[in-house]
Amino acid sequence: MTNTQHTTPLVAGLLLAAGGGRRLGGRPKALLTHRGRPLVEHAVRVLRDGGCEVIHVVLGASADLVRERAQLPGCVLVDNPEWAEGMGSSLRAGLASLAADALPVDAALVSLVDQPGIGSDAMARVRSAYRSRDSLAAASYEGKRGHPVLFGADRWAGIAAGAVGDQGARDYLKAHRDAITLVDCSDVAEPYDIDTEADLAHLE
């Protein structure tokens, strides 16, 4: 009998939701209200609807409050005590959590909690760009690379090594630009960030 156990690759969702909202008066981005619920719930649903059954969520600012107020059933919640250092520390914490998952995760589909204009269609498109554990893919908007990004598991160590400050994976992606599959999502998503008071107008 043929072993079909690994015929379908496991692409897990990795949601970075640790930001403290410094330019939003210190309101944690995960707890901003969108459609009547915490923004982090919306971001998890988008990953799930995009095809990710396994989802790890990195929390930082007001992590205890997020756990208390947000309903995130089935998610692995990862605390990043170094969240104030920037996105790099959250990416490292998330990749380490995925690497320790009991399931053999083949790739991470990374999204940011403060981009509600990027929906499940974009998640599904980038997720479908997975080819191997060496895959690198990213959404693009009008030719410019954005989120979500897909990192094959064989690349996690290299990405984590360069994830410092607010850089995240920027330097790694720049150094490996020829290996990145860009997936145009301009027609299905808007890659704005919720960073300032004015940006709150994007929330519903």
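Before reading on, note that the structure itself is shown above.
What you are looking at is a predicted structure, and each value in this text was computed from that prediction instead of being measured. (Residues numbered from 1 in each chain as written. Predicted model: local features only at pLDDT ≥ 70, side-chain atom pairs only at ≥ 80, totals over all residues. Heavy atoms only, no water.)

J.: Now, about the overall build of the chain: what can you tell me, with residues and values included?
T.: Scanning the chain from N- to C-terminus turns up six helices and nine strands. In summary, the chain has a C-alpha radius of gyration of 16 Å against a globular reference of 17 Å for 204 residues, a match within 12%. Taken along the three principal axes of its C-alpha coordinates, the chain extends 55 × 35 × 30 Å. Going through the 204 residues of the chain one by one, you find that 52% of them count as buried. Counting every atom, the chain has about 9,900 Å² of accessible surface; 48% of that belongs to carbon and sulfur. Computed over 21 positive and 26 negative side-chain charges, the separation of the two mean positions in the chain equals 1 Å. (Helix = DSSP H or I, 4+ residues; strand = E, 2+ residues; numbered from the N terminus. Rg over C-alpha atoms; globule rule 2.2 N^0.38 Å. Buried < 20%, exposed > 50% of the residue type's maximum accessible area, 1.4 Å probe, protein only. Areas by Shrake-Rupley, 256 points an atom, 1.4 Å probe, with all protein chains shown as cover. Lys, Arg positive; Asp, Glu negative; His and termini not counted. Charge placed at Lys NZ, Arg CZ, Asp CG, Glu CD.)

J.: Summarise the side chain of histidine 56; cite the residues concerned and give the values.
T.: Its location among the elements puts histidine 56 in strand 4 (residues 55-59). A distance of 2.8 Å separates the side chain of histidine 56 from the side chain of aspartate 101, its partner in a polar contact. The residues contacting histidine 56, other than those within four sequence positions of it, are Gly13, Leu14, Leu15, Val76, Val78, Ser97, Leu98 and Asp101. (Polar contact = N/O pair within 3.5 Å; in protein donor to acceptor, adjacent residues only side chain to side chain. Contact = heavy atoms within 4.5 Å.)

J.: Please provide a residue-by-residue account of the sheet that holds strand 4, values included.
T.: Paired through their backbone hydrogen bonds, the strands of a sheet run either parallel or antiparallel. Here seven strands make up an open sheet; going across it, the order is 5-4-1-6-8-7-9 and the pairing mixed. Each having just a single partner strand, strand 5 (76-79) and strand 9 (181-184) make up the two edges of the open sheet. Across the sheet, the mean angle separating the axes of adjacent strands is 25 degrees when strand polarity is ignored. Here strand 6 (residues 107-112) runs beside strand 8 (residues 144-152); their pairing, made up of four bridges, is antiparallel. Each bridged residue has a counterpart across the sheet, and for valine 110 the counterpart in strand 8 is valine 149. (Pairing = 2+ DSSP bridges. Axes fitted to C-alpha atoms, helices over the stretch in contact; angles between N-to-C directions.)

J.: So what about helix 4 (residues 120-127)? Which residues, and what values?
T.: Where helix 4 is concerned, the buried positions are Ala122, Met123 and Val126. For helix 4, the arc enclosing every buried residue in end-on projection is 100 degrees, short of the 170-degree limit, so these residues lie on one face. (Arc of directions from axis to C-beta.)

J.: Let's hear about helix 3 (residues 87-99): which residues, and what values?
T.: Because each turn of an α-helix spans 3.6 residues, side chains separated by three or four positions in sequence point in the same direction. Between its first and last C-alpha atoms helix 3 spans 18 Å; for 13 residues at 1.5 Å apiece the expected length is 18 Å, and the two agree. Where helix 3 is concerned, the buried positions are Gly88, Ser89, Ser90, Leu91, Ala93, Gly94, Leu95, Ser97 and Leu98. (Expected span 1.5 Å × (residues − 1).)

J.: Tell me about empty space enclosed by the protein, and please be specific about residues and values.
T.: One pass over the structure, following the stated rule, counts one cavity of 30 Å³ or more. Taken as a whole, the largest cavity encloses approximately 80 Å³ of empty space. Secondary-structure elements contributing two or more residues to the lining of the largest cavity are helix 1 (39-49) and strand 6. Looking at the lining of the largest cavity element by element, the count peaks at three residues for helix 1. Counted by class, the lining of the largest cavity contains eight nonpolar, three polar and no charged residues. (1 Å grid on protein atoms, 1.4 Å probe; cavity = no way out; pocket = protein on both sides within 12 Å on 5 of 7 lines; lining within 4 Å. Points joined across faces, edges and corners; volume = space filled by probe spheres on them. Nonpolar A, V, L, I, M, F, W, Y, C, P; charged D, E, K, R; others polar.)

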